[in-house]
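Each chain, letter by letter, is given below.
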Amino acid sequence: MMKYLSLLIWLWLPLSGQAQTDLSWLGPADLMDSLRQAPKPVLVYLGADWCQYCDMMEASTFQDTTVVRKLTEDFYPVYWDVESQDAVSFLGRTYRYLPTGPRNGYHELTAFLGGKHPDQSYPLFLLFDEEMEWVDRHSGFLSSEAFIPFIQQTAKP
């Protein structure tokens, strides 16, 4: 019996370390309730299924235990799929997908969050303080070494 218990513990230990890299993203609609309960800075991540740099970040930066721990403990990480066609409430307003032709359209929330910037690319990160005041934005891939200083801009002196 002890041999089996030891074997189970031995097999479980590597898996328990992997659980630390599980990052749970909030949807935009869930953010306000969370902020009311316990204010924290917010990181909004805009990405898409076809975005290669988003995939690279999800396979590297968002698997880094330091990044995951920092986001989980000190932030509300919010993910928004820029191609979503779902209506969503965010900051007291409902945003919808607007078809502009037979094969294309855009989502109002993507336009609101992304704005019209010449450097618009994905992934796009928007950083807010705990009162939802804008702090900074970044377009493109961030390694874990670059990601930590980016999000630490919200730290109070």
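Treat the numbers as computed from the prediction; the structure is a model and nothing was measured. (Residues numbered from 1 in each chain as written. Predicted model: local features only at pLDDT ≥ 70, side-chain atom pairs only at ≥ 80, totals over all residues. Heavy atoms only, no water.)

Moving on, we get to the sheet that holds strand β8 (residues 134-139). Spatially, the four strands line up as an open sheet ordered β2-β1-β7-β8, and their pairing is mixed. On the outer flanks of this sheet lie β2 (76-81) and β8, each paired with one strand and no other. Strand-to-strand twist of the sheet, defined as the mean angle between neighbouring strand axes without regard to direction, takes the value 15 degrees. With five bridges connecting them, strand β7 (residues 124-128) and β8 associate as antiparallel partners. Within β8, the residue paired with Leu124 across the bridge is Ser139. Each of β1 (42-47), β7 and β8 is contacted by helix α6 (residues 144-151), which is oriented at about 30 degrees to β7, the strand it contacts most. (Pairing = 2+ DSSP bridges. Helix = DSSP H or I, 4+ residues; strand = E, 2+ residues; numbered from the N terminus. Axes fitted to C-alpha atoms, helices over the stretch in contact; angles between N-to-C directions. Contact = heavy atoms within 4.5 Å.)

Moving on: the confidence of the model for the protein. When the pLDDT values of the protein are averaged, the result is 84; 81% of them are 70 or greater. Counting interchain partners and residues more than four positions distant, the pLDDT-below-50 stretch residues 3-20 has two contacts. (pLDDT = per-residue confidence, 0-100.)

Where helix α4 (residues 65-74) meets α6, the closest approach of the two axes is 10 Å, and the angle between their N-to-C directions is 20 degrees. The angle between the axes of α4 and α6 places the two elements in the roughly parallel class. For the crossing formed where α4 meets α6, the hand is left-handed. Taken together, the residues of α6 that come into contact with α4 (itself represented by Thr66, Val67, Lys70 and Leu71) are Ser144, Phe147, Ile148 and Ile151. Here the residues of the contact of α4 with α6 are counted per class, giving five nonpolar, two polar and one charged. (Parallel < 35°, antiparallel > 145°, perpendicular 65-115°, else oblique. Left-handed = near helix turned anticlockwise from the far one by under 90°. Nonpolar A, V, L, I, M, F, W, Y, C, P; charged D, E, K, R; others polar.)

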